[in-house]
Amino acid sequence: MTHEHDPSQALSRSLSRRSLLEMASLAGTALALGGAGLLAAREGIAATASAAGDAAALPAADFLRLSVFLTGGQPLDATLAGRYQAALAKRDPQFGDSARALLTLIASSQAASIDQLLEAPELKDTLRALTTRIVSAWYLGIVGQDADAELISYAEALMYRPTKDVLVVPTYGAGPDSWGEQPASSATAPTSAPATAPISASNERKSS
C-alpha cells in the first residue's frame, strides 16, 4: 500500500498575503539580516529590470535575487537556487518569461517587501501563482505535485530554519510529510486448508 501526501498541494492552489507573511515569519525574516537582504535584493532586481533582455533562459543570479526577495530577504544558497530554477523551468516552458515579468513588476511597483508586492493591483493571477511555486519550493524543498514531485532539498528546506540550531533535522524518509512503500510481507499464506488425516482402522474398530 502506498500513502502519498503532497505538502505543496495546498500552497499551489492559492496564495494570500497572510500565507506568505506566515512563511516569512517562520524563517525569522524580522531579524536585521532579513532587512539587509531585502534591500540588496530590491536594488539588484531594479538593476535587472532596467537591463532585461529577451533571452529565453533567466540568468541564475536573477533567479537568486528574486528568490531572496520573495522569501523575505534571508540569504539563500546559490547552488540550491540553480536546482530549484531548473526544476521549475522543466515543468513550465514559460517560466523564464514569467520570472522576468515578475522582476519587472517588483521594480516598477517599487515594492520594498513581499507584503507590498502582494498588495500591488498589477500582480495578476499568473504572476501570483508563480510566486506561490517559488516560495513553496524553497520552504518545502519540493517542486511539483503527486507523482511529478521532485525532492530538491530536505535538510535545507526553509521551514526547518527556525529550529535548525535547536533540533536536528531527521535524515530518514523521502521528504517532509512523506511515506514510502510498505515492505512486502515475507510470510506466504497457505493456498488451501491441509487435508484431513484418514481415519485409521483401529479408530474405526473403536467406534463400532
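See the structure above.
On to the packing of aromatic side chains. Tallying each qualifying case throughout the model produces three aromatic pairs. With centroids separated by 4.6 Å and ring planes inclined at 50°, the aromatic side chains of Tyr 84 and Trp 138 adopt a geometry described as tilted. Of this pair, Tyr 84 sits in helix 5 (residues 78–91) while Trp 138 sits in helix 8 (residues 125–140), and the two are 54 residues apart along the sequence. Exposure class is identical for Tyr 84 and Trp 138. Each is buried.

Attention now goes to the nonpolar core. One finds Phe 63, Leu 70, Leu 102, Leu 117, Ile 134 and Trp 138 to be the most contacted residues of the largest nonpolar core, which totals 33 residues. When sequence neighbours within four positions are dropped, the list of residues in contact with Phe 63 reads Leu 58, Ala 81, Tyr 84, Gln 85, Leu 88, Phe 95, Ile 134 and Trp 138.

The next thing to look at is unusual backbone geometry. Residue Gln 110 is not a glycine yet carries a positive backbone phi of 55°. For Gln 110, a relative accessible area of 59% corresponds to the exposed category. The phi torsion at Asp 146 lies on the positive side, around 50°, for a residue other than glycine. Turning to its location among the elements, Asp 146 is positioned in the loop between strand 1 (142–143) and strand 2 (150–151). Residue Asp 146 is classed as partly exposed on the basis of its relative accessible area of 48%.

What counts, and at which threshold
- Residues numbered from 1 in each chain as written.
- Predicted model: local features only at pLDDT ≥ 70, side-chain atom pairs only at ≥ 80, totals over all residues.
- Heavy atoms only, no water.
- Phe/Tyr/Trp six-rings, centres within 6.5 Å; stacked < 30°, edge-to-face > 60°.
- Helix = DSSP H or I, 4+ residues; strand = E, 2+ residues; numbered from the N terminus.
- Buried < 20%, exposed > 50% of the residue type's maximum accessible area, 1.4 Å probe, protein only.
- Core = buried A, V, L, I, M, F, W, Y, C linked by side-chain atoms within 4.5 Å.
- Contact = heavy atoms within 4.5 Å.

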